[in-house]
Amino acid sequence: MTGEITTTSVRGEPLITRYRGLICDLDGVVYRGATAVPHAVETLNQVTAHGLPVVFATNNASRPPEDVGDHLRGLGVAQQGWSVVNSSQAAAAHLATFLAPGARVCAVGGPGVAHALTEAGLNSVRVADLDGTPVEAVVQGLGFDVTWRELAAVGHLVEAGAIWVATNVDLTLPTPHGRAPGNGALVALVQTATSASPHVVGKPQAALFDVARSRLGTDQLDTLVCGDLLGTDIEGANSAGLDSLFVLSGSSRLRDLALAEQSARPTYVAADLSGLLAPGLPLHTTSPEYLVELGPDAVPRMPSAGDSGKLLQSVVTTAWAARDNGRAISDDAGLWGEIERQLGLGQPDESTRLTR
Ligand SMILES: [Mg+2]
């Protein structure tokens, strides 16, 4: 141990001390675009200083891990104690299990896609360099300069018999300006044109978590996943048998959490990554910290005062219990937005955060 994790709470140990390794998402958790999410960098530095290893596992395949690492250090993340794995690496690892070394694979997306294929011993070919020699597979990942010609080439290669691997199928990408099309939106475009379906390796599939956990060297029970998307990070953690912390600093909102199906429900929830340093109240409980009742509008009615972390836990567990008992829960975004305001949960770009 080279440091000591501190917390403002006097009730219980920090959540992260229950685990031996952390698999942490990036977009919407550590940064949005080029900007750090509030509290994220300080929290991560406390965690790694404590000697707990972190693997940043991202579905965003557009950049090589080294570039992501430079970005993180530029935001102030400590030099050591963590590494980055992306879905391009998971795609390349998947193909390398059955393709011969040096097999030709077409890379569509950012530099991260070709980089990962080369790193895995495969022969990466860009669409512009296709010369009629067959390729055995095509990997499609996010890239900000992907063109119509490249998307058309994916379809042509797949129809010619190439294996189609999508690094991930996230429909959206959080940016400082709001949601932008993610790789899944571009994959869907090719699917619409071809009627073919890709093999997907990113979250919520297990491949990326498997690569990350093998780096951590931890067991399932010792590993915590942190992410901002219920349908990818949290559902993936559940299918991989890992506990998870859902943070409200990214794309998914409290309303989404309240309406989540069982398969996408996290173990814990917090406003942002600093929830790792708070005690962590389990959401899968039949005994919420506070008594919360459903109003006539099918929205939880909270006590007027209380610890905001406990209120958040109580609202979510009450909503889940009601749904599981067949009662309707409102999906009105405005009503849920009001609860977020009562809890001090700002929208991503506001500075007001949940107090701890
Ligand atoms: Mg994310």
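See the structure above.
Residues numbered from 1 in each chain as written. Predicted model: local features only at pLDDT ≥ 70, side-chain atom pairs only at ≥ 80, totals over all residues.

Residues Leu 22, Val 105, Leu 117, Val 138 and Val 139 are the most contacted members of the largest nonpolar core, which totals 103 residues. Top contributing element to this core by residue count: helix H10 (residues 308-324), with six residues. Shared between two domains, this core takes at least three residues from each, and those domains are domain 1 (15-86 + 205-277) and domain 2 (89-200). (Core = buried A, V, L, I, M, F, W, Y, C linked by C-beta atoms within 7 Å. Buried ≥ 20, exposed ≤ 12 C-beta atoms within 10 Å, placed from the backbone. Helix = DSSP H or I, 4+ residues; strand = E, 2+ residues; numbered from the N terminus. Domains from an automatic or database assignment.)

Another point: the environment of Ala 188. When you line up the elements, Ala 188 lands in helix H6 (residues 183-194). Sequence spacing of Ala 188 and Val 146 is 42 residues, and the spatial spacing of their C-alpha atoms is 14 Å.

On to the packing of helix H5 (residues 148-159) against H6, then. Between two packed helices, both the angle of their axes relative to each other and the distance between the axes serve to describe the pair. Axis separation between H5 and H6 bottoms out at 10 Å; the angle between their running directions is 50°. In terms of axis orientation, H5 runs oblique to H6. Relative to H6, the crossing made by H5 is right-handed. In contact with Leu 151, Val 154, Gly 155, Val 158 and Glu 159 of H5, H6 contributes Leu 186, Leu 189, Val 190, Ala 193 and Thr 194. Its residues assigned to classes, the contact of H5 with H6 shows seven nonpolar, two polar and one charged. (Axes fitted to C-alpha atoms, helices over the stretch in contact; angles between N-to-C directions. Parallel < 35°, antiparallel > 145°, perpendicular 65-115°, else oblique. Left-handed = near helix turned anticlockwise from the far one by under 90°. Contact = placed C-beta atoms within 7 Å. Nonpolar A, V, L, I, M, F, W, Y, C, P; charged D, E, K, R; others polar.)

Another aspect to go through is the sheet that holds strand S15 (residues 268-270). Taken in spatial order, the six strands line up as S5-S4-S1-S13-S14-S15 in an open sheet, and their pairing is parallel. The open sheet has two edge strands, strand S5 (82-86) and S15, and neither has a second partner. The average undirected angle you get between the axes of adjacent strands in this sheet is 20°. (Pairing = 2+ DSSP bridges.)

Let us look at the sheet that holds strand S12 (residues 199-200). Read from one edge to the other, the open sheet built from five strands follows the order S7-S6-S8-S9-S12, with strand pairing classed as parallel. In this open sheet, the two edge strands, each paired with only one partner strand, are strand S7 (123-125) and S12. The pairing of strand S8 (residues 137-140) with strand S9 (residues 163-166) spans four bridges and is parallel. Bridged to Val 139 within S9 is Val 165. Lying on the sheet, helix H3 (residues 87-96) is in contact with strand S6 (104-108), S8 and S9; it crosses S9 at an angle near 150°.

Bringing the pairing of S8 into the picture now. Each regular strand carries side chains that alternate between the two faces of the sheet. Across the two faces of S8 the burial is the same, with Ala 137 and Val 139 and Val 138 and Gln 140 all buried. As defined by bridge partners, S6 adjoins S8 across four bridges and the pair is classed as parallel. Bridge pairing in S8 links Ala 107 to Val 139. For the crossover that starts at S8, traverses H5 and ends in the parallel S9, the hand is right-handed. (Right-handed = clockwise from strand over helix to strand, strands pointing away.)

Looking now at the environment of His 115. Within the secondary structure layout, His 115 lies in helix H4 (residues 111-119). In sequence terms His 115 and Leu 130 are 15 residues apart; their C-alpha atoms lie 17 Å from each other.

Okay, helix H8 (residues 230-239) next. In terms of burial, H8 is largely enclosed, as eight of its ten residues are buried. Of the positions making up H8, those classed as buried are Leu 230, Thr 232, Asp 233, Ile 234, Glu 235, Gly 236, Ala 237 and Asn 238. If you follow the buried residues of H8, they end up packed against helix H7 (207-216), strand S13 (223-227), strand S14 (243-247) and helix H9 (254-258).

Here the amide bond leading from Lys 203 into Pro 204 is cis, since omega sits at 10°, within 30 degrees of zero. Position of Pro 204 relative to the elements: it lies in the loop between S12 and H7. Non-glycine residue His 39 carries a positive phi angle of around 75°. Mapped onto the fold, His 39 is located in the loop between strand S3 (35-36) and helix H1 (40-49). For His 39, a count of 20 C-beta atoms within 10 Å gives the class buried. Although it is not a glycine, Ser 195 adopts a positive phi angle of roughly 70°.

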